[in-house]
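Now for the letters of each chain:
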Amino acid sequence: MSDFFKSSSSSSSPSDMTAKKEAVMNGVRSEIALASAQELINKTNEKCFAKCIAKPGTTLSSSEETCLSRCLERYLETFNIISKTYSARLSREREQRQLNQI
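Residue numbers run consecutively from 1 along every chain, following the written order of its sequence. Local features are withheld for residues below a pLDDT of 70 in this predicted model, meaning they are given only at 70 or higher, and side-chain atom pairs are given and counted only at 80 or more; totals for whole chains, interfaces and linings count all residues. Heavy atoms throughout the structure, all of them, feed into the side-chain values; hydrogens and water do not.

Peer 1: What is the right way to read the environment of Tyr 75 from this model?
Peer 2: With respect to the helices and strands, Tyr 75 occurs in helix H3 (residues 62-101). Judged by its relative accessible area of 31%, Tyr 75 falls in the partly exposed class. Put simply, Tyr 75 and Thr 44 are 31 residues apart on the chain and 6.7 Å apart in space, counted from C-alpha to C-alpha. It only takes one pair of heavy atoms within 4.5 Å for two residues to be counted as in contact. Residues contacting Tyr 75, with those up to four places away along its chain left out, are Thr 44, Lys 47 and Cys 48. The numbering of helices and of strands both runs from the N terminus, where a helix is a DSSP run of H or I of at least 4 residues and a strand a run of E of at least 2. Throughout this description, buried means an accessible area under 20% of the type-specific maximum (1.4 Å probe, protein chains only), exposed means over 50%, and partly exposed covers the range between.

See the structure below:
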């Protein structure tokens, strides 16, 4: 990756630089996705634990297990809805930009 930041030499073609840039961007996107997933898990754990566990102990009661399961399902369902809506919005905006460029 350090080669990416060096000034381009005469042997590097524009397509090579484009491929390197795309590779870096894909890596950044992957890291952002991973960080987002970790944040979702951490927030879900915090919120659901606070809501469902009245007295922490060595085991969970069946009602606590049910509450945690339902809470997690709701968070994941909400996350999926938001993700799909956001992706659709980005797609529409991308298409609109392409139409405006024509």
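Peer 1: Please explain the environment of Ser 15 as it appears in this structure.
Peer 2: With respect to the helices and strands, the residue Ser 15 is situated in helix H2 (residues 14-52). A polar contact of 3.0 Å, which involves the side chain of Ser 15, links it to the side chain of Ser 13. Whenever a nitrogen or oxygen atom comes within 3.5 Å of another N or O atom, the pair is scored as a polar contact, on the condition that within protein one atom can donate a hydrogen and the other can accept it, and that pairs from neighbouring residues in sequence are kept only if both atoms are in side chains.

Peer 1: Got a minute to help me understand the pattern of salt bridges in this structure?
Peer 2: Oppositely charged side chains can form a pair if their charged atoms are brought close together. Criterion for a salt bridge: a side-chain nitrogen of Lys or Arg within 4 Å of a carboxyl oxygen of Asp or Glu. With the rule as written, the count across this model stands at two salt bridges. Here Arg 29 ties to Glu 22 by a salt bridge, and the two come within 3.4 Å at their closest N and O atoms. For Glu 22, a relative accessible area of 41% gives the class partly exposed. Arg 89 is paired through a salt bridge with Glu 93; the nearest N and O atoms lie 3.0 Å apart. Of this pair, Arg 89 and Glu 93 both sit in helix H3, four residues apart, which is roughly one turn of that helix. Residue class for Glu 93 comes out partly exposed when judged on its relative accessible area of 33%.

Peer 1: Is there a simple way to explain H2 in this structure?
Peer 2: Residues lying three or four places apart along an α-helix face the same way, a consequence of the helix completing one turn every 3.6 residues. Multiplying 1.5 Å by the residue count of a helix minus one yields the expected span of that helix. Helix length check: H2 (39 residues) gives 56 Å between terminal C-alpha atoms against 57 Å at 1.5 Å per residue, within 8%. Every buried residue of H2 is accounted for by Met 17, Leu 40, Thr 44, Cys 48 and Cys 52.

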